[in-house]
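# Chain and residue survey
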Amino acid sequence: MKRFDYFLPQSLEEALELKKKIPNSRFIAGGTDLMVQIRGGELKPSALISLRSIPDLSSIEINGSIRIGAMTTVTDLIYNPDLEHQAKLLVDAARRVGSPQIRNVATVGGNLCNCSPCADLALSLLVLEAKARIQSLSGTQDVPLQKFFESPGKSCLSPDQILTDIFIEPVSSNTKSVFLKKGRVKMDLAVASVALLLEMEGEICRKARVAAGSVAPVPLRLQKVEVLLEGQALSPELADLAQRMASESVAPISDIRGTEEYRRQIVGVYVKRGLAQILGWGLV
Amino acid sequence: MTDFRFIGKRISRPDGPDKAAGKAHYIHDLKRPGMLFGKIKFSQHAFARIKHIDTSKAERIPGVKAVITAQNTPEIRIGFLRDNFALKKEKVRQYRDEVAAVAAIDPDIAEEAVEQIRVEYEIQPGIFSPDEALQKGAPLIHENDSRGRARTDNIVPIKFHHESGDLGAGRRSAKYMVEGEYSTPLVQQSCMGTAGCIAEFDMNRNLTLWAKTQIPFLAQRDFNRALSDMGLQDKNTRVIVPTLGGAFGTGLDTHTYEYITILLAFRTGHPVKILYSREEEFAYLSPRQSSQIRILQGCDSNGKLVFRKVEVLQDNGAYTSWGATYPSVMMLPATSLYRVPNVFFDARLVYTNNTYCQAMRGYGNPELTWALESNLDELAEEAGIDSYELRRLNCNLPGETTPMGLKISTCGLKESLESVVKKIEWKKKHKKGKNRGVGMASLIHVGGGARIYKSDASGIILKLDDFGNVYVYHGGVEMGQGLHAVLTTAVAEALGVRPEKVFINPTDTGTCPWDVGTHASRGTFMAGNATLLAADKLRTKIFELATDVYPREVKKSLEKYRKKNPGYQPPEIDFKKAARLENFDIKDGYLSIKDGPAEPWLNLELGRFLRAVHFRSQGQMLTAEAFYDPPNELPDFEKGYGNISATYVYGTQGVEVEVDTETGEVKILRLTAAHEVGKVLNPEGLKGQIYGALAQGIGYALYEELKTEKGRILNPNFKDYKIPTIQEMDFPIDLDFIEIADEFGPFGAKGIAEPGLVPTAPAIANAIYDAVGVRIRDLPITPEKVLAELKKLERR
Ligand SMILES: Cc1cc2nc3c(=O)[nH]c(=O)nc-3n(C[C@H](O)[C@H](O)[C@H](O)COP(=O)(O)OP(=O)(O)OC[C@H]3O[C@@H](n4cnc5c(N)ncnc54)[C@H](O)[C@@H]3O)c2cc1C
């Protein structure tokens, strides 16, 4: 492992200044993605700039809308008493991230900025239609998460920007969600995953949000499936249709974790099962 | 039945607290003054000629103390067939071949230096499967054998063959027969503690090697040979085994990295350590061989097995380790699991440019049993017989001699089958389908050592000090399996002291007597028997001295007792008569007269006795040694005949699964394992062995596989090489230990270290078939494979 310098700035400005000054430097949050890449020789940064000591980056605020600091750990998401009610989907996804040791250091910001198609939090935040607040020396900007992911490992951030917060609007009381993840073993990166959120009015689906992981270069919203469901009375027949559509609308690859064919299968099955689970149909 | 004081009781592991508290010293923790760090440059080509190695840049890096290649070091040939070299000179034959190495003052510098070594290769097309390797005109992986004779094919020159009865006649008498081909993947032992060693020469040019080994004495022999190759004739290696974080077979041979460390230490004059990272362990250490096994077996109309034909093809990789002798164990189930009169067994090992392989727990048995017990269920289906009934009908029996010449002393196969059938509720659940199913599989394994070397012995020394402590010097290796707990219990029981008074010394060829190695489930059996012999000698010595010393000492005790208890009237004891050799006993660390009156002063504390023996004119200190060599035979493997072990163990596992037909996932609902153990010595240790083995067996069945592409391992890390964690073991496990005391076993016990993982995979495969009618013959049973087969079934 190449040696690198390590900085612990005390403010956002200081962090951004350092980043500008030191070529080939990287921000580090929990390091659970970054250190793996450095040890594996994929990245050889000259310096790491830790975001750990910057005030306010690791807090959760809920008043009307929800603000989650980028440095909030996955464990803190799970144990926040209000988040469980206001954004259950995020907490459900958080529970499926890694092991307790990983969750204790891994951050929300890291999960998003690493831009992996399998990122569990990214998936649920996509479905929750979160906004990302991005800060640079020249100012602040809010980006819908849908526009955040560009390609594997690449977000819309430029090197001189920091993700500071995530904003989520609270969901209405007739909203239900599920997070389903298939790993080779229980503790694993997703072979395929689905986050699903429905806002129901009696039998009728008013709003549907569906996203799938590990089936495209980036965490993917399945908008076709959403359109299929919205405004409809949900039935097992429609769920079958949604299953097929989900399988067909993704673009997975075959790799060491799973085959293309298998990933399509799982995404379809999970969309169907997610619907069944939310609507209390039992196993279909 | 004998009443035991400690055997069979719950005792705590002597090595437990230090390990739990992080105080135990693994190779990772060890440092020697002035120690350097070594690092190896691996080829990264599976088959190529080395044209040139440029080490000049690496040599110039500050902190680098030596850069070695085959060009500037003596040639060291290694391996079971001596077809491997510590450093490769002309050719690389596998992706992980060692072409150079560095010693530097810290690991980062060593790593940087290795990166700076430039090697020019002329790449050749490689061979990556046994089938390719066997084709006419296939390139030769080795053009010559170790004696320089030209080779003409890629077949490894070791023969394993067995024929008994009349296969043709057996076949003709069969009413039903089933043929199948089954395969198993490369899997990694996945030790928690990665591989590593420290080599240090003294000024007399003798070597001390701290090594992660299971065979310290065979390793000593190998290393001494290397010293002589290095021009150090008649020099010696002392092998010291630090605390091991698991071995699972990885320590059953000496390794290239060890020889390279030795070369670096000799070149620099400093102690040198090489420690593998997790990725190096995965990519550059030898895994379990992959295999293809073809089985044809048949039964008559009543379900009696009448013949069995087994053909094994093993991908040996580029070089040959001890692990190549897997078929020596494969022969056991092939010839001796159930009664089969006409048997044919043949194993072929083939060189390829894949990673070379070595031993792993079970040593060929999980592979063969996977094939055999899957095929047996298929035969039951074909014959329309319940697969449990088929097994029971062909059950081995105590007292029989099998076609391979195995003498079955005790046999608990029938009991284990019955246990599983009851506990898994076979009659209620078998063939009830609907995505849930039950399956079972049985096993035979060695349980009384395994003579695969000219000696299968194990020595022990018991040394007493002035305080009644017993120091144990034994060549067996504690690698997490609980050998030290068993040794402690055995010594305490056999000698008559308390377990707290027993101290097990580190395994060290400089202090411990010879032992062939901790493998083949032999540790407990050997250590136990050696202990019994040595303890008996020590007790005899004590009793001989006691005839004279005991009366004198207890009379002193009596005086003191009287002072404290005025008016006390001691019973009349005629010490001339009572203090006779055969009348003494030691219990809980006190010497006493058997069946004597229960007077406290008659119990002589062992320490006091020993001091009395020591501190007198012509005093004595007591030790005893024993060398136990079991009554077994080195089989003739080309004929496939010989009683390899003093005794054998049988067992059966049953499992209930649920298959998700849309995702292909297999969920284990519960598992029951009935194993024959002779006698439970240490209940917690035994459970630990079986639980751990089951997890490994489940990994083998469902998850584990080293994937390769042209000889390169694609998943050299736990991110992509999946082993079960506690979350995969979230179902009830019911263990049943069948105790039938064996005449050869210490306290009746047999070895049970490996059997727990042997039948797990076929039991699961059989349960999957019962659940959804899909037969997977290729491990691991991934959801993809199950789903693909389910789709085929649907289309039919
Ligand atoms: C054993 C193990 C298991 C894992 N299991 C899972 C799993 O089940 N599910 C899952 O989704 N992930 C998993 N991961 C991946 C990882 O833990 C998560 O993606 C985690 O959320 C990353 O957060 P981090 O704080 O560690 O990021 P870091 O590694 O510190 O950073 C990741 C990347 O984001 C950049 N970055 C971080 N924060 C910011 C910021 N605020 N602004 C700008 N750039 C930033 C860094 O420069 C870096 O490029 C696992 C990782 C490991 C090692």
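Residues numbered from 1 in each chain as written. Chains lettered and ligands numbered in written order. Predicted model: local features only at pLDDT ≥ 70, side-chain atom pairs only at ≥ 80, totals over all residues. Heavy atoms only, no water.

## Considering the overall build of chain B
Across its full length, chain B carries 20 helices and 30 strands. In terms of its C-alpha atoms, chain B occupies a principal-axis envelope of roughly 95 × 75 × 45 Å. Counting the 796 residues in chain B, one finds 63% classified as buried. Of all intrachain contacts in chain B linking residues separated by at least 6 positions in sequence, the fraction that spans at least 24 positions is 81%. Taken as a whole, chain B presents about 30400 Å² of accessible surface, with 49% of it coming from carbon and sulfur. Chain B carries 103 positive and 103 negative side-chain charges, and their two centres are separated by 2 Å. (Helix = DSSP H or I, 4+ residues; strand = E, 2+ residues; numbered from the N terminus. Buried < 20%, exposed > 50% of the residue type's maximum accessible area, 1.4 Å probe, protein only. Contact = heavy atoms within 4.5 Å. Areas by Shrake-Rupley, 256 points an atom, 1.4 Å probe, with all protein chains shown as cover. Lys, Arg positive; Asp, Glu negative; His and termini not counted. Charge placed at Lys NZ, Arg CZ, Asp CG, Glu CD.)

## Points about the interface of chain A and chain B
With 23 residues of chain A in contact, the opposing surface of chain B contributes 22 residues. Counting each side, the surface lost to burial between chain A and chain B is near 2000 Å², with a carbon and sulfur contribution of 46%. The interface formed by chain A and chain B contains nine salt bridges. Salt-bridge contacts for R3 of chain A lead to D106 of chain B; the nearest nitrogen and oxygen are separated by 3.3 Å. In this assembly, chain A and chain B are joined by 15 residue pairs in polar contact (both at pLDDT 80 or more). Top contributing element to the side of chain A that touches chain B by residue count: helix 11 (residues 260–279) of chain A, with eight residues. Residue classes in the side of chain A that touches chain B are distributed as 10 nonpolar, four polar and nine charged. (Buried area = accessible area lost by both parts, 1.4 Å probe. Salt bridge = Lys/Arg side-chain N within 4 Å of Asp/Glu carboxyl O. Polar contact = N/O pair within 3.5 Å; in protein donor to acceptor, adjacent residues only side chain to side chain. Nonpolar A, V, L, I, M, F, W, Y, C, P; charged D, E, K, R; others polar.)

## Describing the sheet that holds strand 5 (residues 65–69) of chain A
Residue and element names in this part refer to chain A. Ordered by their spatial adjacency, five strands build an open sheet running 4-5-10-6-7, and the pairing between neighbours is antiparallel. The open sheet has two edge strands with one neighbour each: strand 4 (60–63) and strand 7 (139–144). In this sheet, neighbouring strand axes are inclined to one another by 20° on average, regardless of whether the strands run parallel or antiparallel. In terms of strand pairing, strand 5 meets strand 10 (residues 162–168) through four bridges, oriented antiparallel. Pairing of R67 across the sheet is with F167, part of strand 10. This element, helix 1 (residues 12–21), spans strand 6 (131–136) and strand 10 of the sheet and lies at about 135° to strand 10. (Pairing = 2+ DSSP bridges. Axes fitted to C-alpha atoms, helices over the stretch in contact; angles between N-to-C directions.)

## Overview of the domain arrangement of chain B
All names here are of chain B. Splitting chain B by domain gives domain 1 (36–124 + 195–275), domain 2 (291–452 + 634–795) and domain 3 (457–628). The interface is formed by 19 residues belonging to domain 1 together with 21 residues belonging to domain 2. Summing the contributions of domain 1 and of domain 2, the shared interface buries around 1900 Å²; its carbon and sulfur component is 54%. Linking domain 1 to domain 2 there are zero salt bridges. In this structure, the connection of domain 1 to domain 2 is made through 11 residue pairs in polar contact (both at pLDDT 80 or more). (Domains from an automatic or database assignment.)

## Some details on the packing of aromatic side chains
In this description, an aromatic ring pair is defined by two values, namely the gap between the centres and the angle between the planes. Counted according to the given criterion, the structure contains 21 aromatic pairs over all chains. Here the aromatic residues F42, Y257, Y276 and Y284 of chain B are joined through ring pairs into a cluster of three or more. Across from the ring centre of F27 of chain A, 5.3 Å away, lies the NZ or CZ of K19 of chain A, which sits over that ring. In this arrangement the basic side chain of K309 of chain B is found over the ring face of F344 of chain B, its NZ or CZ atom lying 5.6 Å from the centre. (Phe/Tyr/Trp six-rings, centres within 6.5 Å; stacked < 30°, edge-to-face > 60°. Lys NZ or Arg CZ within 6 Å of the ring centre and 35° of its normal.)

## Regarding helix 12 (residues 413–423) of chain B
Residue and element names in this part refer to chain B. For helix 12, the set of buried residues is L413, S416, L417, S419, V420 and V421. As for helix 12, its buried residues are in contact with helix 11 (387–393), helix 13 (426–429), strand 18 (436–446), strand 26 (648–659), strand 27 (666–676) and strand 30 (733–738). Immediately downstream of helix 12, the backbone of E425 shows phi near 55°, a positive value.

## Observations regarding the confidence of the model for chain B
When pLDDT is averaged along chain B, the result is 97, and 100% of the positions lie at 70 or above. Predicted complex metrics record ipTM = 0.95 and pTM = 0.97. (pLDDT = per-residue confidence, 0-100.)

## Describing the packing of helix 18 (residues 683–703) of chain B against helix 19 (residues 760–772) of chain B
All names here are of chain B. Remark: helix 18 packs on helix 19, axes separated minimally by 8 Å, with the N-to-C direction vectors making an angle of 55°. With respect to helix 19, the axis of helix 18 lies oblique. The interaxial crossing formed by helix 18 with helix 19 has right-handed handedness. Along its contact with helix 18, which presents L694, G697, I698, A701 and L702, the element helix 19 presents T760, A761 and I764. (Parallel < 35°, antiparallel > 145°, perpendicular 65-115°, else oblique. Left-handed = near helix turned anticlockwise from the far one by under 90°.)

## Some remarks on unusual backbone geometry
With the exception of glycine, most residues fall at negative phi, and the peptide bonds are largely trans. Residues and elements named next belong to chain B. Between L779 and the following residue, P780, the backbone shows a cis peptide bond with an omega angle of -10°. Assignment of secondary structure puts P780 in the loop between helix 19 and helix 20 (783–795). The phi torsion at F248 lies on the positive side, around 55°, for a residue other than glycine. Here F248 shows up in the loop between strand 13 (237–240) and helix 7 (256–268).

## Comments concerning empty space enclosed by the protein
All names here are of chain B. Taken as a whole and judged by the stated rule, the model has three cavities of 30 Å³ or more. Here the largest cavity is characterised by a volume of approximately 200 Å³. L252, Y363, I452, H519 and A520 are, among the 18 residues lining the largest cavity, the residues nearest its centre. Classifying every residue of the lining of the largest cavity by side-chain character gives 12 nonpolar, three polar and three charged. Its boundaries defined by the atoms lining it, the second largest cavity holds a volume of some 50 Å³. In terms of lining residues, the second largest cavity is bounded by V187, R288, M360, P366, Q696, G697, Y700, E704 and L757. Residue contributions to the lining of the second largest cavity peak at three residues, all from helix 18. (1 Å grid on protein atoms, 1.4 Å probe; cavity = no way out; pocket = protein on both sides within 12 Å on 5 of 7 lines; lining within 4 Å. Points joined across faces, edges and corners; volume = space filled by probe spheres on them.)

## Here's the deal with the sheet that holds strand 13 of chain B
Backbone-to-backbone hydrogen bonds pair the strands of a sheet. The strands run either parallel or antiparallel. All names here are of chain B. The sheet built from seven strands is open, its strands ordered 3-7-1-14-11-12-13 with mixed pairing. In this open sheet, the two edge strands, each paired with only one partner strand, are strand 3 (64–69) and strand 13. In this sheet, neighbouring strand axes are inclined to one another by 20° on average, regardless of whether the strands run parallel or antiparallel. In terms of strand pairing, strand 1 (residues 36–42) meets strand 7 (residues 98–104) through six bridges, oriented antiparallel. Opposite K39, over in strand 7, you have V102 as the bridge partner. Set on the sheet, helix 6 (residues 216–229) makes contact with strand 11 (196–201), strand 12 (207–211) and strand 13; between it and strand 13 the angle comes to about 145°.

## Some details on the nonpolar core
Residue and element names in this part refer to chain B. With 119 residues, the main nonpolar core has F345, L368, V657, I764 and I781 as its most contacted residues. The residue makeup of this core includes at least three contributed by each of domain 1 (36–124 + 195–275) and domain 2 (291–452 + 634–795). When residues no more than four places from it in sequence are discounted, the contact partners of V657 are N435, R436, G437, V666, K667, I668, L669, A767, I768 and A771. (Core = buried A, V, L, I, M, F, W, Y, C linked by side-chain atoms within 4.5 Å.)

## Structural notes on the pairing of strand 13 (residues 204–213) of chain A
Residues and elements named next belong to chain A. Across the 10 residues of strand 13, seven count as buried, placing the element largely inside the fold. Judged from the nine bridges that link them, strand 12 (residues 192–201) and strand 13 form a sheet pairing that is antiparallel. Bridging across to strand 13, L196 finds its partner in V210. Where strand 12 folds back onto strand 13 in an antiparallel hairpin, the turn is made up of two residues, including G202, whose phi is positive at roughly 60°. Taken together, the two bridges between strand 13 and strand 14 (residues 220–221) define a ladder with antiparallel strand orientation. Note on strand 14: the bridge partner recorded for A211 is R221.

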